Amino acid sequence: MKIIEPVRNFYGRFERPISSFSLIAGFVFDALTLHRADTLFENLWILGHLILIGVFICLIHIHKGKEGDETDPSKAHFWYVNILQFIFGGTLSAYLVLYFRSADIFVAWPFIAILVLAFIANESLKRHYIRLSFQISLFFLSIYAFTIFLLPVVLHKIGTGVFLISGFVSLVTIVLFIITLFYFIKDRNLRAKYTSEKLTFVLIAGIFILVNLLYFTNLIPPIPLSLKDAGVYHSIERNGKGDYAVTYEDHGWKRYFEFFPNYTQSPGKPVYVFSAIFSPEALNLNVVHEWQYLDTTQTRWVTEGIVSLPVVGGRDGGFRTYSMRYNLAEGKWRVKIKTKEGLNIGHVRFNVVNASEEVLLTEEVK
(Lines give C-alpha, C1' and ligand atoms only; values in the text may rest on other atoms or scores of the structure.)
Protein backbone atom coordinates (compact mmCIF):
# COMPACT_ATOMS: atom_id res chain seq x y z
CA MET A 1 0.00 0.00 0.00
CA LYS A 2 1.28 3.47 -0.94
CA ILE A 3 0.43 4.97 2.45
CA ILE A 4 2.61 2.52 4.41
CA GLU A 5 5.98 3.62 3.05
CA PRO A 6 5.56 7.38 3.84
CA VAL A 7 4.34 6.54 7.36
CA ARG A 8 7.25 4.15 7.85
CA ASN A 9 9.77 6.73 6.65
CA PHE A 10 8.22 9.45 8.80
CA TYR A 11 8.47 7.27 11.89
CA GLY A 12 12.05 6.33 11.07
CA ARG A 13 12.97 10.00 10.75
CA PHE A 14 11.24 11.17 13.94
CA GLU A 15 11.50 7.94 15.91
CA ARG A 16 12.99 9.50 19.07
CA PRO A 17 10.44 12.31 19.69
CA ILE A 18 7.54 10.04 18.69
CA SER A 19 8.73 7.36 21.12
CA SER A 20 9.12 9.88 23.96
CA PHE A 21 5.71 11.41 23.30
CA SER A 22 4.08 7.96 23.19
CA LEU A 23 5.57 6.95 26.54
CA ILE A 24 4.47 10.21 28.18
CA ALA A 25 0.99 9.91 26.68
CA GLY A 26 0.82 6.31 27.88
CA PHE A 27 1.76 7.37 31.40
CA VAL A 28 -0.97 10.03 31.42
CA PHE A 29 -3.47 7.48 30.11
CA ASP A 30 -2.54 5.03 32.88
CA ALA A 31 -2.79 7.75 35.53
CA LEU A 32 -6.33 8.57 34.37
CA THR A 33 -7.60 5.01 33.88
CA LEU A 34 -5.83 2.79 36.45
CA HIS A 35 -7.33 3.21 39.90
CA ARG A 36 -7.44 -0.11 41.75
CA ALA A 37 -5.01 -3.01 41.74
CA ASP A 38 -7.83 -5.52 42.30
CA THR A 39 -10.07 -4.86 39.31
CA LEU A 40 -10.28 -7.17 36.30
CA PHE A 41 -9.50 -4.38 33.82
CA GLU A 42 -6.25 -3.33 35.54
CA ASN A 43 -4.99 -6.90 35.84
CA LEU A 44 -5.96 -7.91 32.29
CA TRP A 45 -4.36 -4.70 30.99
CA ILE A 46 -1.03 -5.52 32.63
CA LEU A 47 -1.24 -9.26 31.89
CA GLY A 48 -1.85 -8.44 28.23
CA HIS A 49 1.27 -6.25 28.22
CA LEU A 50 3.35 -9.04 29.78
CA ILE A 51 2.15 -11.59 27.21
CA LEU A 52 3.00 -9.22 24.36
CA ILE A 53 6.45 -8.60 25.84
CA GLY A 54 7.10 -12.33 25.81
CA VAL A 55 5.82 -12.63 22.23
CA PHE A 56 8.01 -9.83 20.87
CA ILE A 57 11.12 -11.03 22.69
CA CYS A 58 10.55 -14.35 20.94
CA LEU A 59 9.99 -12.67 17.55
CA ILE A 60 13.17 -10.65 17.91
CA HIS A 61 15.38 -13.63 18.69
CA ILE A 62 13.74 -16.54 16.87
CA HIS A 63 13.57 -14.53 13.62
CA LYS A 64 16.81 -12.69 14.17
CA GLY A 65 17.52 -10.01 11.56
CA LYS A 66 20.86 -8.99 10.15
CA GLU A 67 23.21 -6.58 11.90
CA GLY A 68 21.68 -3.10 11.69
CA ASP A 69 18.11 -4.22 10.99
CA GLU A 70 17.04 -2.74 14.33
CA THR A 71 17.77 0.75 12.90
CA ASP A 72 16.23 0.19 9.46
CA PRO A 73 12.48 1.05 9.27
CA SER A 74 12.10 -1.10 6.18
CA LYS A 75 12.91 -4.26 8.18
CA ALA A 76 10.50 -6.15 10.43
CA HIS A 77 13.19 -6.37 13.12
CA PHE A 78 13.11 -2.58 13.51
CA TRP A 79 9.41 -2.70 14.32
CA TYR A 80 9.76 -5.66 16.69
CA VAL A 81 12.31 -3.73 18.76
CA ASN A 82 10.25 -0.51 18.77
CA ILE A 83 7.03 -2.28 19.70
CA LEU A 84 8.79 -4.13 22.51
CA GLN A 85 10.17 -0.86 23.86
CA PHE A 86 6.72 0.73 23.70
CA ILE A 87 5.04 -2.19 25.53
CA PHE A 88 7.71 -2.18 28.24
CA GLY A 89 7.09 1.54 28.68
CA GLY A 90 3.34 0.99 29.07
CA THR A 91 3.89 -1.79 31.62
CA LEU A 92 6.34 0.20 33.74
CA SER A 93 4.15 3.32 33.64
CA ALA A 94 1.20 1.26 34.93
CA TYR A 95 3.36 0.03 37.82
CA LEU A 96 4.49 3.57 38.62
CA VAL A 97 0.86 4.70 38.85
CA LEU A 98 -0.32 1.76 41.00
CA TYR A 99 2.71 1.60 43.32
CA PHE A 100 2.92 5.37 43.77
CA ARG A 101 -0.72 5.49 44.84
CA SER A 102 -0.05 2.76 47.39
CA ALA A 103 3.17 4.24 48.76
CA ASP A 104 4.23 6.56 51.50
CA ILE A 105 6.82 8.17 49.27
CA PHE A 106 9.04 9.16 52.22
CA VAL A 107 9.41 5.48 53.13
CA ALA A 108 9.01 3.52 49.89
CA TRP A 109 11.00 5.85 47.61
CA PRO A 110 13.81 3.30 46.90
CA PHE A 111 11.41 0.83 45.24
CA ILE A 112 9.61 3.64 43.39
CA ALA A 113 13.05 4.87 42.27
CA ILE A 114 13.84 1.43 40.81
CA LEU A 115 10.65 1.55 38.72
CA VAL A 116 11.46 5.12 37.63
CA LEU A 117 15.00 4.12 36.61
CA ALA A 118 13.66 1.11 34.71
CA PHE A 119 11.18 3.43 32.95
CA ILE A 120 14.00 5.85 32.01
CA ALA A 121 16.31 3.01 30.96
CA ASN A 122 13.57 1.63 28.74
CA GLU A 123 13.49 4.95 26.87
CA SER A 124 17.21 5.76 26.88
CA LEU A 125 18.95 2.42 26.34
CA LYS A 126 17.26 1.28 23.17
CA ARG A 127 20.49 -0.03 21.65
CA HIS A 128 20.52 -2.69 24.37
CA TYR A 129 17.21 -4.10 23.20
CA ILE A 130 19.07 -6.41 20.84
CA ARG A 131 20.65 -7.96 23.93
CA LEU A 132 18.54 -10.75 25.35
CA SER A 133 20.04 -10.35 28.83
CA PHE A 134 18.71 -6.79 29.04
CA GLN A 135 15.27 -7.81 27.79
CA ILE A 136 14.94 -10.75 30.16
CA SER A 137 16.07 -8.80 33.25
CA LEU A 138 13.52 -6.06 32.51
CA PHE A 139 10.90 -8.74 31.81
CA PHE A 140 11.62 -10.43 35.15
CA LEU A 141 11.26 -7.12 37.03
CA SER A 142 7.92 -6.58 35.27
CA ILE A 143 6.66 -10.05 36.18
CA TYR A 144 7.83 -9.71 39.79
CA ALA A 145 6.16 -6.32 40.25
CA PHE A 146 2.92 -7.82 38.89
CA THR A 147 2.84 -10.91 41.11
CA ILE A 148 3.57 -8.81 44.22
CA PHE A 149 0.14 -7.18 44.01
CA LEU A 150 -1.75 -9.86 42.08
CA LEU A 151 -1.33 -12.72 44.55
CA PRO A 152 -2.78 -10.83 47.57
CA VAL A 153 -5.83 -10.08 45.42
CA VAL A 154 -6.19 -13.73 44.36
CA LEU A 155 -5.39 -15.29 47.75
CA HIS A 156 -7.20 -12.64 49.84
CA LYS A 157 -4.13 -12.43 52.07
CA ILE A 158 -1.20 -10.13 52.55
CA GLY A 159 2.06 -10.72 54.36
CA THR A 160 5.50 -12.27 54.19
CA GLY A 161 4.28 -15.70 53.07
CA VAL A 162 2.35 -14.27 50.12
CA PHE A 163 5.33 -12.10 49.16
CA LEU A 164 7.66 -15.12 49.15
CA ILE A 165 5.19 -17.04 46.97
CA SER A 166 5.13 -14.12 44.52
CA GLY A 167 8.91 -14.32 44.23
CA PHE A 168 8.79 -18.07 43.63
CA VAL A 169 6.07 -17.70 40.96
CA SER A 170 8.10 -14.97 39.22
CA LEU A 171 11.27 -17.08 39.17
CA VAL A 172 9.45 -20.14 37.83
CA THR A 173 7.75 -18.04 35.15
CA ILE A 174 10.97 -16.43 33.87
CA VAL A 175 12.89 -19.74 33.95
CA LEU A 176 10.16 -21.48 31.93
CA PHE A 177 10.17 -18.58 29.47
CA ILE A 178 13.97 -18.77 29.03
CA ILE A 179 13.89 -22.55 28.55
CA THR A 180 11.13 -22.22 25.94
CA LEU A 181 12.92 -19.40 24.12
CA PHE A 182 16.26 -21.21 24.04
CA TYR A 183 14.54 -24.32 22.73
CA PHE A 184 13.39 -22.39 19.67
CA ILE A 185 16.69 -20.56 19.14
CA LYS A 186 18.44 -23.44 17.43
CA ASP A 187 21.55 -21.50 16.46
CA ARG A 188 23.80 -21.65 19.54
CA ASN A 189 26.27 -19.18 18.04
CA LEU A 190 23.48 -16.67 17.50
CA ARG A 191 22.21 -17.25 21.03
CA ALA A 192 25.68 -16.72 22.49
CA LYS A 193 26.14 -13.54 20.43
CA TYR A 194 23.14 -11.75 21.86
CA THR A 195 23.03 -13.07 25.38
CA SER A 196 25.23 -14.32 28.16
CA GLU A 197 23.56 -17.03 30.20
CA LYS A 198 25.80 -16.18 33.15
CA LEU A 199 24.98 -12.46 32.89
CA THR A 200 21.26 -13.25 32.62
CA PHE A 201 21.44 -15.35 35.77
CA VAL A 202 23.34 -12.61 37.63
CA LEU A 203 20.83 -9.92 36.61
CA ILE A 204 17.81 -12.02 37.62
CA ALA A 205 19.42 -12.98 40.93
CA GLY A 206 20.38 -9.35 41.56
CA ILE A 207 16.83 -8.11 40.97
CA PHE A 208 15.41 -10.88 43.14
CA ILE A 209 17.80 -10.15 46.03
CA LEU A 210 17.28 -6.38 45.77
CA VAL A 211 13.47 -6.63 45.82
CA ASN A 212 13.60 -8.99 48.82
CA LEU A 213 16.02 -6.67 50.60
CA LEU A 214 13.65 -3.75 50.07
CA TYR A 215 10.69 -5.80 51.30
CA PHE A 216 12.36 -7.01 54.49
CA THR A 217 13.60 -3.49 55.25
CA ASN A 218 10.02 -2.25 54.80
CA LEU A 219 10.77 -0.18 51.70
CA ILE A 220 8.18 -1.69 49.33
CA PRO A 221 4.62 -0.30 49.39
CA PRO A 222 2.11 -2.85 50.77
CA ILE A 223 0.22 -2.88 47.47
CA PRO A 224 -2.71 -3.63 46.91
CA LEU A 225 -3.39 -1.70 50.14
CA SER A 226 -3.37 2.08 49.79
CA LEU A 227 -4.04 5.04 52.04
CA LYS A 228 -6.88 6.99 50.42
CA ASP A 229 -7.17 9.65 53.11
CA ALA A 230 -5.65 10.46 56.48
CA GLY A 231 -5.36 13.39 58.85
CA VAL A 232 -5.38 14.70 62.39
CA TYR A 233 -8.65 16.19 63.67
CA HIS A 234 -10.19 17.88 66.70
CA SER A 235 -13.40 15.83 66.58
CA ILE A 236 -14.88 12.93 64.63
CA GLU A 237 -18.56 11.99 64.75
CA ARG A 238 -20.50 9.54 62.63
CA ASN A 239 -23.68 10.99 61.14
CA GLY A 240 -26.96 9.34 60.20
CA LYS A 241 -25.73 8.53 56.69
CA GLY A 242 -22.78 6.57 58.00
CA ASP A 243 -20.26 9.26 57.05
CA TYR A 244 -17.82 10.98 59.41
CA ALA A 245 -18.10 14.66 60.30
CA VAL A 246 -14.65 15.97 61.25
CA THR A 247 -13.32 19.32 62.45
CA TYR A 248 -9.83 20.62 61.80
CA GLU A 249 -7.67 23.73 61.67
CA ASP A 250 -7.58 25.11 58.14
CA HIS A 251 -4.03 26.25 57.40
CA GLY A 252 -4.95 27.26 53.85
CA TRP A 253 -2.26 27.09 51.18
CA LYS A 254 0.43 26.75 53.84
CA ARG A 255 -0.58 23.13 54.47
CA TYR A 256 1.10 22.12 51.20
CA PHE A 257 4.47 23.29 52.53
CA GLU A 258 4.22 22.16 56.18
CA PHE A 259 5.78 18.78 56.90
CA PHE A 260 4.62 18.96 60.53
CA PRO A 261 1.57 21.29 60.55
CA ASN A 262 0.62 22.75 63.91
CA TYR A 263 -2.18 21.07 65.84
CA THR A 264 -3.54 23.28 68.61
CA GLN A 265 -4.47 21.00 71.51
CA SER A 266 -7.31 22.02 73.80
CA PRO A 267 -7.04 20.93 77.47
CA GLY A 268 -8.85 17.69 78.26
CA LYS A 269 -9.95 17.06 74.68
CA PRO A 270 -8.76 14.09 72.58
CA VAL A 271 -6.61 14.22 69.46
CA TYR A 272 -8.04 12.12 66.62
CA VAL A 273 -6.18 10.52 63.73
CA PHE A 274 -8.38 9.38 60.86
CA SER A 275 -7.44 6.96 58.08
CA ALA A 276 -9.28 5.58 55.05
CA ILE A 277 -7.46 2.48 53.80
CA PHE A 278 -8.32 0.78 50.54
CA SER A 279 -8.17 -3.00 50.56
CA PRO A 280 -9.43 -5.32 47.79
CA GLU A 281 -12.77 -7.01 48.23
CA ALA A 282 -12.58 -10.05 50.56
CA LEU A 283 -9.14 -8.97 51.83
CA ASN A 284 -10.08 -8.08 55.41
CA LEU A 285 -7.30 -7.42 57.90
CA ASN A 286 -6.22 -5.51 60.98
CA VAL A 287 -4.00 -2.45 60.80
CA VAL A 288 -2.38 -0.45 63.57
CA HIS A 289 -2.02 3.22 64.40
CA GLU A 290 1.33 3.59 66.12
CA TRP A 291 1.50 6.93 67.95
CA GLN A 292 5.04 8.27 68.28
CA TYR A 293 6.60 11.49 69.53
CA LEU A 294 10.03 12.91 68.82
CA ASP A 295 12.23 12.78 71.90
CA THR A 296 14.42 15.83 71.30
CA THR A 297 16.83 14.92 74.11
CA GLN A 298 17.77 11.65 72.38
CA THR A 299 16.71 12.64 68.84
CA ARG A 300 14.64 9.52 68.31
CA TRP A 301 11.02 8.55 67.87
CA VAL A 302 9.39 6.99 70.92
CA THR A 303 6.21 4.91 70.68
CA GLU A 304 3.56 6.21 73.05
CA GLY A 305 0.75 3.83 72.10
CA ILE A 306 -0.41 1.28 69.50
CA VAL A 307 -4.06 0.91 68.51
CA SER A 308 -5.27 -2.07 66.46
CA LEU A 309 -8.08 -1.34 64.01
CA PRO A 310 -10.06 -3.55 61.58
CA VAL A 311 -10.19 -2.87 57.84
CA VAL A 312 -12.88 -4.38 55.62
CA GLY A 313 -12.02 -4.61 51.93
CA GLY A 314 -14.02 -3.50 48.92
CA ARG A 315 -14.88 0.18 49.53
CA ASP A 316 -13.47 2.31 46.71
CA GLY A 317 -12.76 5.28 48.95
CA GLY A 318 -11.13 3.10 51.59
CA PHE A 319 -12.41 1.69 54.89
CA ARG A 320 -12.68 4.58 57.36
CA THR A 321 -11.52 4.28 60.93
CA TYR A 322 -9.72 6.32 63.57
CA SER A 323 -7.85 6.27 66.85
CA MET A 324 -7.45 8.93 69.55
CA ARG A 325 -5.15 9.93 72.42
CA TYR A 326 -5.38 12.41 75.27
CA ASN A 327 -2.93 14.93 76.71
CA LEU A 328 -0.18 14.74 74.14
CA ALA A 329 3.12 16.38 75.00
CA GLU A 330 4.02 19.46 72.97
CA GLY A 331 6.30 18.81 70.05
CA LYS A 332 6.46 16.74 66.90
CA TRP A 333 4.26 13.66 66.57
CA ARG A 334 3.61 11.07 63.90
CA VAL A 335 1.14 8.23 63.63
CA LYS A 336 2.46 5.32 61.57
CA ILE A 337 -0.35 3.46 59.82
CA LYS A 338 0.88 -0.10 59.31
CA THR A 339 -0.18 -3.65 58.71
CA LYS A 340 0.17 -6.00 61.66
CA GLU A 341 3.33 -7.36 59.97
CA GLY A 342 4.82 -3.87 60.15
CA LEU A 343 4.49 -2.77 56.50
CA ASN A 344 4.03 1.00 56.29
CA ILE A 345 0.82 2.11 54.61
CA GLY A 346 1.32 5.78 55.48
CA HIS A 347 2.00 8.44 58.11
CA VAL A 348 0.18 11.35 59.69
CA ARG A 349 2.56 14.04 60.97
CA PHE A 350 1.76 17.05 63.13
CA ASN A 351 3.25 19.39 65.71
CA VAL A 352 1.33 19.71 68.98
CA VAL A 353 1.07 23.14 70.59
CA ASN A 354 -1.11 23.83 73.62
CA ALA A 355 -3.98 26.24 73.07
CA SER A 356 -3.66 29.74 74.50
CA GLU A 357 -6.99 30.83 73.04
CA GLU A 358 -10.03 29.33 71.36
CA VAL A 359 -9.23 27.58 68.08
CA LEU A 360 -11.18 28.35 64.90
CA LEU A 361 -12.23 25.02 63.34
CA THR A 362 -13.55 24.01 59.93
CA GLU A 363 -16.01 21.13 59.47
CA GLU A 364 -15.91 18.54 56.70
CA VAL A 365 -17.73 15.28 55.96
CA LYS A 366 -15.75 12.19 54.96
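Residues numbered from 1 in each chain as written. Predicted model: local features only at pLDDT ≥ 70, side-chain atom pairs only at ≥ 80, totals over all residues. Heavy atoms only, no water.

(A) Inspection of the pairing of strand β3 (residues 244-248) at higher detail. Burial of β3 is extensive: 5 of the 5 residues sit out of reach of the surface. Neither face of β3 is left uncovered, since the one carrying Y244, V246 and Y248 and the one carrying A245 and T247 both have all their residues buried. The turn joining strand β2 (residues 235-238) and β3, which pair antiparallel and follow one another in sequence, is formed by 5 residues; a positive phi near 90 degrees is taken by G242. (Buried < 20%, exposed > 50% of the residue type's maximum accessible area, 1.4 Å probe, protein only. Helix = DSSP H or I, 4+ residues; strand = E, 2+ residues; numbered from the N terminus. Pairing = 2+ DSSP bridges.)

(B) Representation of helix α6 (residues 132-155) in the model. The end-to-end C-alpha distance of α6 is 33 Å, a good match for the 34 Å that 24 residues give at a rise of 1.5 Å each. At T147, α6 shows its strongest bend, of approximately 30 degrees. Phi turns positive, to about 60 degrees, at H156, one or two residues after α6. (Expected span 1.5 Å × (residues − 1). Bend = angle between axes of the 7 residues up to and from the residue.)

(C) The pairing of β2, seen in detail. Here β2 pairs with β3 via 4 bridges, running antiparallel. Bridge pairing links I236 to V246 in β3.

(D) Molecular detail of the nonpolar core. Core analysis: the largest hydrophobic core is formed by 53 residues, its most contacted members being Y95, Y99, F139, F149 and I174. Contributing elements (two or more residues each) for this core: α3 (40-62), α4 (76-102), α5 (105-124), α6, α7 (160-184) and α9 (197-216). For this core, the element with the highest residue contribution is α6, accounting for 13 residues. (Core = buried A, V, L, I, M, F, W, Y, C linked by side-chain atoms within 4.5 Å.)

(E) Region of the structure containing the packing of α6 against α7. Where α6 contacts α7, the axes come no closer than 8 Å and their chain directions differ by 140 degrees. Of the possible angle classes, the one that applies to α6 and α7 is oblique. You can see that α6 and α7 cross each other, and the crossing is right-handed. Residues belonging to the contact of α6 with α7 are distributed by class as follows: 20 nonpolar, 5 polar and no charged. (Axes fitted to C-alpha atoms, helices over the stretch in contact; angles between N-to-C directions. Parallel < 35°, antiparallel > 145°, perpendicular 65-115°, else oblique. Left-handed = near helix turned anticlockwise from the far one by under 90°. Nonpolar A, V, L, I, M, F, W, Y, C, P; charged D, E, K, R; others polar.)

(F) Representation of the pattern of salt bridges. Taken as a whole, this structure holds 5 salt bridges when the rule is applied. K338 is the salt-bridge partner of E290, the closest N and O atoms lying 2.6 Å from each other. Taken as a pair, E290 in strand β6 (residues 285-295) and K338 in strand β9 (residues 331-339) lie far apart in primary sequence, 48 residues in all. As far as burial versus exposure is concerned, E290 and K338 are alike and both buried. Between E364 and K366 there is a salt bridge, with the nearest N and O atoms lying 3.6 Å from each other. By relative accessible area, which is 31% here, E364 ends up partly exposed. By relative accessible area, K366 is classed as buried at 17%. Counted as one network, the salt bridges with shared partners bring together D229, E364 and K366. (Salt bridge = Lys/Arg side-chain N within 4 Å of Asp/Glu carboxyl O.)

(G) View of the sheet that holds strand β11 (residues 362-365). As summarised here, the arrangement of the 3 strands in space is β2-β3-β11, forming an open sheet in which the pairing is antiparallel. Two strands in the sheet have a free side with no partner beyond their single neighbour: β2 and β11. Here the average twist between neighbouring strands, direction ignored, is 20 degrees.

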